[in-house]
Amino acid sequence: MRKLAIGTALTGALALGVLAAPAAQADSPDLTFATVKVNNGKKIVVGTTAKVKVPVTYTLTRPADLTIDYKNNFAGVMLYRGSLAEEDNSIEPDTAPVCTTTATTDTTVTASCTETLVIDPWDNLYEAADAGTWKAAGFYGHGATDLDDSDGHISFEFGYDIWANSATAKIQRAARLTVNATPEPVKKGGTLTVKGKLTRANWEEGTYTGYKGQKATLQFRAKGASSYTAVKTITSGTGGALSTTVKASKDGYYRFTFAGTATTAAKTTAGDYVDVR
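Keep in mind it's a predicted model, so treat the numbers as computed, not measured.

What holds strands together in a sheet is hydrogen bonding between their backbones, with the strands either parallel or antiparallel. Read across the sheet, four strands follow the order β1-β3-β7-β6 without closing on themselves; strand pairing throughout is antiparallel. Because the sheet does not close on itself, it has two edges, and the strands there are β1 (32-38) and β6 (98-104). Across the sheet, the mean angle from the axis of one strand to that of its neighbour is 20°, orientation sign disregarded. Alignment of β6 against strand β7 (residues 108-119), held across six bridges, turns out to be antiparallel. Bridge pairing in β7 links C99 to C113.

We now examine the sheet that holds strand β9 (residues 155-173). On the basis of which strands lie adjacent, the open sheet formed by five strands has the order β2-β9-β8-β4-β5 and mixed pairing. Strand pairing shows two members of the sheet lacking a second neighbour, β2 (44-46) and β5 (87-91), which therefore form its edges. Each strand axis lies, on average, 45° off the axis of its neighbour in the sheet, ignoring direction. Sheet topology note: the β2/β9 ladder contains three bridges and is parallel. Looking across to β9, one finds that I44 is bridged to I171.

One finds V36, I44 and I171 to be the most contacted residues of the largest nonpolar core, which totals 33 residues. Mapped onto this core, the elements with two or more residues apiece are β1, β2, β3 (52-63), β4 (73-82), β7, β8 (132-146) and β9. In this view, I44 contacts V38, N39, V52, V54, I119, A169, K170, I171 and Q172; residues no more than four positions away in its chain are not counted. One finds Y211, I234, A248 and F258 within the second-largest nonpolar core, a separate group that totals 22 residues.

For the rest of this paragraph, the subject is the pairing of strand β11 (residues 191-202). Two strands pair when backbone bridges link them, and strand β10 (residues 175-182) and β11 are joined in this way by eight bridges, in the antiparallel orientation. By the bridge assignment, N180 is partnered in β11 with K195. Bridging between β11 and strand β15 (residues 241-247) involves seven bridges; their strand directions are antiparallel. Within β15, the residue paired with K197 across the bridge is A241. By the bridge criterion, four bridges tie β11 to strand β12 (residues 207-210) in an arrangement that is antiparallel. Considered in β12, the bridge of R200 is made with T209. Hairpin geometry of β11 and β12 is characterised by an intervening segment of four residues between the two adjacent antiparallel strands and by a positive phi of about 70° at G206.

This part is about a nonpolar patch on the surface. A surface patch of nonpolar side chains, amounting to about 390 Å² of accessible area, comprises L147, I154, F156 and F158. For F158, the location among the structural elements is in strand β9.

On inspection of all chains with the given rule, the structure shows one disulfide. Residue C99 pairs covalently with C113 via a disulfide, S to S 2.1 Å. Handedness of the C99-C113 disulfide follows from its S-S torsion of about 115°: it is right-handed. Of this pair, C99 sits in strand β6 while C113 sits in strand β7, and the two are 14 residues apart along the sequence. Classification of C99 as partly exposed rests on a relative accessible area of 35%. Judged by its relative accessible area of 1%, C113 is buried.

Conventions we followed
Residues numbered from 1 in each chain as written. Predicted model: local features only at pLDDT ≥ 70, side-chain atom pairs only at ≥ 80, totals over all residues. Heavy atoms only, no water. Pairing = 2+ DSSP bridges. Helix = DSSP H or I, 4+ residues; strand = E, 2+ residues; numbered from the N terminus. Axes fitted to C-alpha atoms, helices over the stretch in contact; angles between N-to-C directions. Core = buried A, V, L, I, M, F, W, Y, C linked by side-chain atoms within 4.5 Å. Buried < 20%, exposed > 50% of the residue type's maximum accessible area, 1.4 Å probe, protein only. Contact = heavy atoms within 4.5 Å. Patch = residues over 30% accessible without salt bridge, like charges linked within 9 Å, V, L, I, M, F, W, Y side chains within 5 Å. Areas by Shrake-Rupley, 256 points an atom, 1.4 Å probe, with all protein chains shown as cover. Salt bridge = Lys/Arg side-chain N within 4 Å of Asp/Glu carboxyl O. Disulfide = S-S within 2.5 Å.

See the structure below:
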């Protein structure tokens with residue numbers, strides 16, 4: 001809603017040339033956004049198609065004489081990259097938060113609020129730079145329109161304020177990882193070839209592409225055992241290909257695990273069972 005409102009307002013202003021000189025600004029409301037937490041402090045992992053719902057909690061303190069009705073005005077928390085003045089990208093809530101009043105004074109009202117940011121990789125994430133750390137900010141917007149043209153006059157008014165916040169959130173590309181050990185079954189002491197592929201979400205293309213040059217660890221869990229142990233670590237090749245060999249000694253499960261990077265989420269395959277005879 002912010003992009004539409006601000007975009008419309010700026011387009012109209014530019015068409016009329018009213019941005020050529022500084023204009024007096026209306027007084028901004030005295031709002032405070034505190035204790036902001038995004039996704040419960042966890043990383044946000046986004047693939048190529050599924051929308052990801054991200055909970056955001058915060059405390060909002062507003063003037064007692066300011067009513068926020070989420071029709072003519074609205075407030076909430078957004079995520080952005082870049083600076084407040086020149087955002088490289090931003091994600092805002094599409095629905096109103098749920099706020100519960102926790103304290104009041106003669107001049108202020110404080111509420112505990114919960115909102116949901118919905119991240120659609122198709123609509124919100126455009127390039128590799130979108131994987132990384134985003135900043136949180138509180139915002140307040142208001143609009144007023146008079147579309148009654150019976151008197152030969154209509155009007156549009158839009159206003160927007162943003163307050164930087166110390167909270168951050170990390171958005172990561174989702175990873176996919178496969179494993180396949182052959183031959184199955186295998187003779188005891190024989191050579192097993194374990195192959196797989198590491199790919200990650202490519203938001204520009206809307207698909208998963210190979211992640212080359214990354215460390216992946218082959219692990220083994222013997223039949224009847226409760227945990228995996230590391231066998232060896234290899235590096236993904238062209239297209240994210242993984243391939244290595246091991247000597248078969250006992251029945252059990254082989255899997256690959258990828259620890260993740262700053263921009264790509266960790267991933268572990270299910271175990272591939274091998275019968276040793």
